[in-house]
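# A structural walkthrough
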Amino acid sequence: MTEILKTEGLSRYFGAVTAAEDISVTIMAGEIVGVIGANGAGKTTFINMVTGYLPPSKGSISFGGNPIKGLGPRKLMRKGLTRSFQIPQLFLELPVIDNLAIALAAAEQKQFQMLRPVRTPERLGSAEEILEQMRISQYRDEMVTAMPQGARKLLDIALAMLGSPRMLLLDEPTSGVSLEEKYTLMDTVMEAVHARGLTVLFVEHDMEIVRRYVTRVLAFANGVVIKDGPVEEVLADTKVQELVTGKYHEHKNPGGDA
Ligand SMILES: Nc1ncnc2c1ncn2[C@@H]1O[C@H](COP(=O)(O)OP(=O)(O)OP(=O)(O)O)[C@@H](O)[C@H]1O
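Bear in mind the structure is a predicted one, so any value in this text is a computation, not a measurement.

### A short note on the site of the ligand
All residues adjacent to the ligand are F14, V17, A19, G37, N39, G40, A41, G42, K43, T44 and T45. Taken together, the elements giving at least two residues each to the shell around the ligand come down to strand 2 (17-28) and helix 1 (43-50). In terms of residue class, the shell around the ligand is made up of 4 nonpolar, 6 polar and 1 charged.

### Describing the sheet that holds strand 2
Across the sheet, which stays open at both edges, the 4 strands sit in the order 2-1-4-5 with antiparallel pairing between neighbours. Where the open sheet ends on each side, the last strands, each with one partner, are strand 2 and strand 5 (66-67).

### A word on the environment of R83
In this fold, R83 is placed in strand 6 (residues 81-84). Sequence spacing of R83 and L170 is 87 residues, and the spatial spacing of their C-alpha atoms is 5.5 Å. For R83, the contacting residues outside a window of four places in its chain are I47, T51, A160, L168, L169, L170 and D171.

### Let's talk about the domain arrangement of the protein
Many authors give the size of an interface as the accessible area that is lost as the parts come together. Considered domain by domain, the protein is made up of domain 1 (1-80 + 164-247) and domain 2 (89-163). Spacing between the C-alpha centres of domain 1 and domain 2 amounts to 25 Å. Counting residues at the interface gives 16 residues for domain 1 and 12 residues for domain 2. Put simply, the parts of the chain that give the side of domain 1 that touches domain 2 at least two residues each are helix 2 (73-79), strand 7 (167-171) and helix 6 (179-196). At 7 residues, the largest contribution of residues to the side of domain 1 that touches domain 2 is made by helix 6. Tallied by class, the residues present in the side of domain 1 that touches domain 2 amount to 10 nonpolar, 3 polar and 3 charged.

### A closer look at the pairing of strand 2
By the bridge criterion, 8 bridges tie strand 1 (residues 3-14) to strand 2 in an arrangement that is antiparallel. Note that in strand 2 the partner of L10 across the bridge is I23. From the end of strand 1 to the start of strand 2, which pair antiparallel, there are 2 residues, and G15 there has a positive phi angle of about 60°.

### Some words on the packing of helix 3 (residues 96-108) against helix 4 (residues 121-133)
Taken N-terminus to C-terminus, the directions of helix 3 and helix 4 make an angle of 120°; their axes are 9 Å apart at the nearest point. Comparing the axis directions of helix 3 and helix 4 gives the class oblique. As for how helix 3 packs across helix 4, the hand of that crossing is right-handed. Of helix 4, the residues touching helix 3 (which contributes I97, L100, A101, L104 and A105) are R123, L124, S126, A127 and I130. In terms of residue class, the contact of helix 3 with helix 4 is built from 8 nonpolar, 1 polar and 1 charged.

So, how was this worked out
- Residues numbered from 1 in each chain as written.
- Predicted model: local features only at pLDDT ≥ 70, side-chain atom pairs only at ≥ 80, totals over all residues.
- Near = placed C-beta within 6 Å.
- Helix = DSSP H or I, 4+ residues; strand = E, 2+ residues; numbered from the N terminus.
- Nonpolar A, V, L, I, M, F, W, Y, C, P; charged D, E, K, R; others polar.
- Pairing = 2+ DSSP bridges.
- Contact = placed C-beta atoms within 7 Å.
- Domains from an automatic or database assignment.
- Axes fitted to C-alpha atoms, helices over the stretch in contact; angles between N-to-C directions.
- Parallel < 35°, antiparallel > 145°, perpendicular 65-115°, else oblique.
- Left-handed = near helix turned anticlockwise from the far one by under 90°.

So, in structure tokens, the structure goes:
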């Protein structure tokens, strides 16, 4: 396997708050890695730094062997590193197909030109292909507001898959999705991930989802990676149980579903 993402000493401070400290991880191409940690552990801060949404205070990041620190999200997207969000970032009052066409237009153009038509045959073709792969073709011409939460999440992930990325960072893909829908959603996402040969790193609060879909886990606590290893080994670790998994169930999963 070849290395795809490497961070060394990655840190981020907000005044006196240490959101992330000295994060050094190497992800190999094709790995499916889960990121776990209690609320405020630094998971989103880490993802934001890697995807160019937040400048690190210290440390380095390389993607495909090249340094990427300082590059913004659009440049990183063109290099093949994309993400989805905890709360889907969608144009709610536009049809689903236009959300995809606009994302494609924005990715293609150096400067987004509002007055050019976004529905070109090529973009519609790519958009329809990904809608089918994510099993949400039935919403093609619906406004995003007409979609249930699970379908919105799939659309947000579909947006991240446009333009043939190599690596996908997903921030809580199953949050806000009902227990019954979670597995269908993840099965669909993972099928697309495998079909496209993507590397995935995803933040997840549901340990059953983590067990089922990832092979390796990074456990965060207080801005630090306290354990990195095979899923069962990390979940069996006493420190992880003390600082991570116990807290989840109290804060995030009071009814077993967050
Ligand atoms: N913009 C900011 N300004 C100040 N502090 C911040 C900012 N963003 C994050 N923090 C702090 O950094 C720490 C890590 O936050 P982060 O959002 O990365 O945690 P998280 O693990 O993603 O949590 P959650 O599971 O709740 O999403 C927290 O203490 C948080 O309050």
